[in-house]
Amino acid sequence: MSHHKLEVKDLHYNYPDGHEAVKGMSFCIHHGESVGIIGANGAGKSTLLMLLMGVLFPSEGEVSVGDVHVTKKTLPMIRQRLGMVFQDPDDQLFMNTVYDDVAFGPRNYKLDENEVEKRVLQALELVGILHLKDRAPFKLSGGEKRAAAIASVLSMQPDILVMDEPTAALDPKSRRRVMDLLGSFKHTKIVTSHDIDMIYGMCDRTIVIKKGEIAADGATSEILVNAELMEACGLEVPLALQNCPVCGTQK
Amino acid sequence: MSNIMDSLYNMRLLDDLARQDTVIHKLHPLVKLLATVSYLTVVVSFGRYDIGGILPLVIYPVMVFTLAELPVKPIVLRILLVSPFIIGIGILNPFFDKQIFVLGDREISRGWVTFLSILLKSGLTVTAALLLIATTGMDRLGSALRMLKIPRIFVLQLLLTYRYISVLMEEVARTLRAYSLRAPKQKGVHRSAWGSLAGQLLLRTFDRAQRIYEAMCLRGFAGEYNTGGFGKLRIGDWVYLAVWFLFFITVRFYNIPMLIGSLITGVIR
């Protein structure tokens, strides 16, 4: 299934003020993979996501989805295949009702209204908030907003799900629910987060970014336990792998 | 600050009302838009001394209120919000237009009549506009405007402005909350902070608007604000439109209160 492949080759990006946020990144993500992208604040994670989605265009190098390069011409097609869930669901939800918000994407692709309805109901049911379809998004709780934001992307039936901090600002139960939900998807997933435990539980592969470069790329089970590497990149090993703070038992 | 959040909730009240399922709500948005536009045209077409002729037009908002089962109080409160502007416009009339007008055995200044006429007309037009939004919703109204071939750039401006008001208000509420927590003894914002606060607010709103726009683009937005299609006009829609058209035309060309008055006085004689 090469058409679900996402490939980044020698990617560079400079901000207008001259700051080089991404310096020569290359990787390839295959169909069905769950990839966590981690790094300290300012490492270049969000810039990388913006480059993948074609919100920013690289100064050098290229991003391709399947065999199609991300360019201005191919954007509509690329964005139908890559769905992005924003860090702050309030940025994503702005229509009158949850239903209209989830229908926003499919309607933009001029789908028949019956098909739109089918997709919206399907997406809402999948994330478990069908009962909220007529509510105004700004009246929802944090977890419900997150679920609505995920549904608004799922309704476009993307091949690849890109998520920026999907568990940020959620209470433990909502966080667990979102993790279970994301774990149940068969999509190719790319997740950036500071929630290392979530990455540990959800992603098979992890890419560590440090100062705009890839510091490590490999199996999550190997990378996240490497305390030296994590320390050098401004990160920590997952809490689940740290020694018990009460009895001091070593993991 | 809580006032701002209250206003935000209140602002969305019209959207909430628009989601009801009454006879009026079920009508095609285009029909409601055309009926409202013709109503507004007829109301403003009356001369400034012709209060009697306008009175029957009160029936339209009363009917819509009743059939759409809308709460009167919140909508009247919104009408009162604009009343200071209207009074400001009309209050000088009694001083400038001092010609005498005879009503029965009383003499009143014509200025007062024009002032009353301005109040009545503005009250009716604002009510009609609010009723249109409360029974249709801004999104569906936007689609109706597009059906009338209004250029999409104007419709988009209207809809996005309406949406971004709440974005701006949320930012204001957050900023003021942060300010008030660090300035507990102040009432409001000190003038020394006005400039930086307004500047910050503007920049943050730009940022937020940019992110919202990006989120829209990522979901295939290409300049057209799609709010779902509507079915064709049904017989009920045509009947609704025809009845109101007929009523407005009748009211415009026949002074109904006068006719009723002369009928009654004729009978008494």
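Conventions used here
Residues numbered from 1 in each chain as written. Chains lettered and ligands numbered in written order. Predicted model: local features only at pLDDT ≥ 70, side-chain atom pairs only at ≥ 80, totals over all residues. Heavy atoms only, no water. Helix = DSSP H or I, 4+ residues; strand = E, 2+ residues; numbered from the N terminus. Rg over C-alpha atoms; globule rule 2.2 N^0.38 Å. Contact = heavy atoms within 4.5 Å. Areas by Shrake-Rupley, 256 points an atom, 1.4 Å probe, with all protein chains shown as cover. Lys, Arg positive; Asp, Glu negative; His and termini not counted. Charge placed at Lys NZ, Arg CZ, Asp CG, Glu CD. Pairing = 2+ DSSP bridges. Axes fitted to C-alpha atoms, helices over the stretch in contact; angles between N-to-C directions. pLDDT = per-residue confidence, 0-100. Parallel < 35°, antiparallel > 145°, perpendicular 65-115°, else oblique. Left-handed = near helix turned anticlockwise from the far one by under 90°. Nonpolar A, V, L, I, M, F, W, Y, C, P; charged D, E, K, R; others polar. Domains from an automatic or database assignment. Salt bridge = Lys/Arg side-chain N within 4 Å of Asp/Glu carboxyl O. Polar contact = N/O pair within 3.5 Å; in protein donor to acceptor, adjacent residues only side chain to side chain. Phe/Tyr/Trp six-rings, centres within 6.5 Å; stacked < 30°, edge-to-face > 60°. Buried < 20%, exposed > 50% of the residue type's maximum accessible area, 1.4 Å probe, protein only. Lys NZ or Arg CZ within 6 Å of the ring centre and 35° of its normal. Core = buried A, V, L, I, M, F, W, Y, C linked by side-chain atoms within 4.5 Å.

What to know about the overall build of chain B
Piece 1. What chain B contains, in helices and strands, is 14 helices and 2 strands.
Piece 2. On C-alpha atoms alone, chain B measures out to a radius of gyration of 23 Å, which is more than a quarter above the 18 Å that the 2.2 N^0.38 rule sets for 269 residues.
Piece 3. Its C-alpha atoms put chain B at 75 × 50 × 30 Å along the principal axes.
Piece 4. Sequence-distant contacts in chain B: of pairs separated by 6 or more residues, those separated by 24 or more amount to 78%.
Piece 5. For chain B, the exposed surface amounts to about 15600 Å²; the carbon and sulfur share of it is 69%.
Piece 6. A gap of 3 Å separates the mean positions of the 30 positive and 16 negative side-chain charges of chain B.

Here's the deal with the pairing of strand β4 (residues 60–65) of chain A
Residue and element names in this part refer to chain A.
Piece 1. Alignment of strand β1 (residues 6–14) against β4, held across 5 bridges, turns out to be antiparallel. Following the sheet pairing, glutamate 7 is matched in β4 by serine 64.
Piece 2. Relative to strand β5 (residues 68–69), β4 runs antiparallel, the two being bridged by 2 bridges. Bridge pairing in β5 places serine 64 opposite histidine 69.

With respect to the sheet that holds strand β10 (residues 213–219) of chain A
Strand pairing within a sheet occurs via backbone hydrogen bonds; the two strands may be parallel or antiparallel.
Residue and element names in this part refer to chain A.
Piece 1. Pairing is mixed across the open sheet formed by 6 strands, whose spatial order is β6-β7-β8-β3-β9-β10. With one partner strand each, in any of the chains shown, β6 (82–85) and β10 form the two edges of the open sheet. Strand-to-strand, the axes of this sheet are offset by a mean angle of 15°, without reference to chain direction.
Piece 2. Against the sheet, helix α1 (residues 45–53) makes contact with β3 (34–39), β6, β7 (160–164), β8 (188–192) and β9 (205–210), and its axis sits at roughly 145° relative to β6, the strand it touches most.

Overview of the confidence of the model for chain A
Piece 1. Considering every residue of chain A, the mean pLDDT works out to 87; 98% of them sit at 70 or more.
Piece 2. Least confident of the elements in chain A is helix α7 (residues 172–184) of chain A, whose mean pLDDT is 84; most confident is β9 of chain A, at 94.

Section: the packing of helix α6 (residues 59–67) of chain B against helix α9 (residues 110–136) of chain B
All names here are of chain B.
Piece 1. For the pair α6 and α9, the least separation of the axes is 10 Å and the interaxial angle reads 25°. By the angle class used here, α6 and α9 are roughly parallel. When you trace α6 past α9, the crossing you get is left-handed. For the pair α6 and α9, the contacting residues are Tyr60, Pro61, Val64 and Phe65 in the first and Leu124, Thr127, Ala128, Leu131 and Thr135 in the second.
Piece 2. The residue inventory of the contact of α6 with α9, partitioned by class, reads 7 nonpolar, 2 polar and no charged.

Here we look at the domain arrangement of chain B
Residue and element names in this part refer to chain B.
Piece 1. Partitioning chain B into structural domains gives domain 1 (1–150 + 229–259) and domain 2 (151–227).
Piece 2. Across the boundary between the two partners, domain 1 contributes 17 residues, which contact 20 residues of domain 2.
Piece 3. Summed over the shared surface of domain 1 and domain 2, the result is 0 salt bridges.
Piece 4. Our count for the contact surface shared by domain 1 and domain 2 stands at 2 residue pairs in polar contact (both at pLDDT 80 or more).
Piece 5. Elements represented by at least two residues in the side of domain 1 that touches domain 2 include exactly α1 (2–11) and α10 (138–147).
Piece 6. No other element matches α10, which puts 6 residues into the side of domain 1 that touches domain 2.
Piece 7. Grouping the constituent residues of the side of domain 1 that touches domain 2 by class yields 8 nonpolar, 4 polar and 5 charged.

Details of the packing of aromatic side chains
Piece 1. Summed over all chains, the structure comprises 12 aromatic pairs over all chains.
Piece 2. Pairing phenylalanine 104 of chain A with phenylalanine 221 of chain B gives two aromatic rings, centres 6.2 Å apart and planes at 20°, and the pair type is stacked. Of the two residues, phenylalanine 104 of chain A is situated in helix α4 (residues 98–108) and phenylalanine 221 of chain B in the loop between α12 (191–218) and α13 (235–253); the pairing between them involves two chains. Across the pair, phenylalanine 221 of chain B and phenylalanine 104 of chain A agree in class, each one buried.
Piece 3. Members of the aromatic cluster, connected to one another through ring pairs, are Tyr39, Tyr60, Tyr240, Trp244, Phe247 and Phe248 of chain B.
Piece 4. The ring of tyrosine 49 of chain B carries arginine 110 of chain B above its face, with NZ or CZ at 4.5 Å from the centroid.
Piece 5. Across the ring face of phenylalanine 46 of chain B, the terminal group of arginine 252 of chain B is positioned such that the distance to the ring centre comes to 4.5 Å.

As for the pattern of salt bridges
Piece 1. Under the defined criterion, the tally for this structure stands at 20 salt bridges over all chains.
Piece 2. For the salt bridge of aspartate 101 of chain A with arginine 219 of chain B, the shortest nitrogen-to-oxygen distance reads 3.5 Å. Pair noted here: aspartate 101 of chain A is in helix α4 and arginine 219 of chain B is in the loop between α12 and α13, and the two residues belong to different chains. Of the two residues, aspartate 101 of chain A and arginine 219 of chain B, both sit in the buried class.
Piece 3. For the salt bridge of lysine 118 of chain A with glutamate 115 of chain A, the shortest nitrogen-to-oxygen distance reads 3.8 Å.

Description of α4 of chain A
Piece 1. A large share of α4 of chain A lies buried, amounting to 11 of its 11 residues.
Piece 2. Every buried residue of α4 of chain A is listed here: Val98, Tyr99, Asp100, Asp101, Val102, Ala103, Phe104, Gly105, Pro106, Arg107 and Asn108 of chain A.
Piece 3. The inward-facing, buried residues of α4 of chain A contact α3 (89–92), α5 (113–126) and α6 (142–154) of chain A together with α10 and α12 of chain B.
Piece 4. A positive backbone phi angle near 55° is found at lysine 110 of chain A, which sits one or two residues after α4 of chain A.

Re the nonpolar core
Across soluble globular proteins, you tend to see nonpolar side chains buried next to one another.
Piece 1. If you look at the biggest cluster of nonpolar residues, it comprises 51 residues, and the most contacted ones within it are Tyr39, Leu57, Tyr60, Leu70, Ile75, Tyr240 and Phe248 of chain B.
Piece 2. Split by domain, the residues of this core number at least three in each of domain 1 (1–150 + 229–259) and domain 2 (151–227) of chain B.
Piece 3. Apart from the residues lying within four places of it in its own chain, the contact partners of phenylalanine 248 of chain B are Ala35, Ser38, Tyr39, Val42, Leu57 and Tyr60 of chain B.
Piece 4. Leu124, Ala149, Met163 and Met230 of chain A belong to the second largest nonpolar core, which has 45 residues in total.

Some thoughts on the side chain of threonine 97 of chain A
Piece 1. Mapped onto the elements of the fold, threonine 97 of chain A is located in the loop between α3 and α4.
Piece 2. Not counting the four nearest positions on each side in its chain, threonine 97 of chain A is found in contact with Lys133, Asp134, Arg135, Ala136 and Pro137 of chain A together with Arg19 of chain B.

Comments concerning the pairing of β8 of chain A
On any regular strand, side chains alternate: one points to one face of the sheet, the next to the other face.
All names here are of chain A.
Piece 1. Among the 5 residues that make up β8, 5 are buried, leaving the element largely enclosed by the rest of the structure.
Piece 2. Of the two faces of β8, the one lined by Thr188, Ile190 and Thr192 and the one lined by Lys189 and Val191 are each fully buried.
Piece 3. Relative to β8, β3 is paired through 4 bridges, and the arrangement is parallel. Residue glycine 36 lies in a different strand from β8, and its bridge partner there is valine 191.
Piece 4. Looking at chain direction, β7 and β8 are connected through 5 bridges and run parallel. Bridged to valine 162 within β8 is isoleucine 190.

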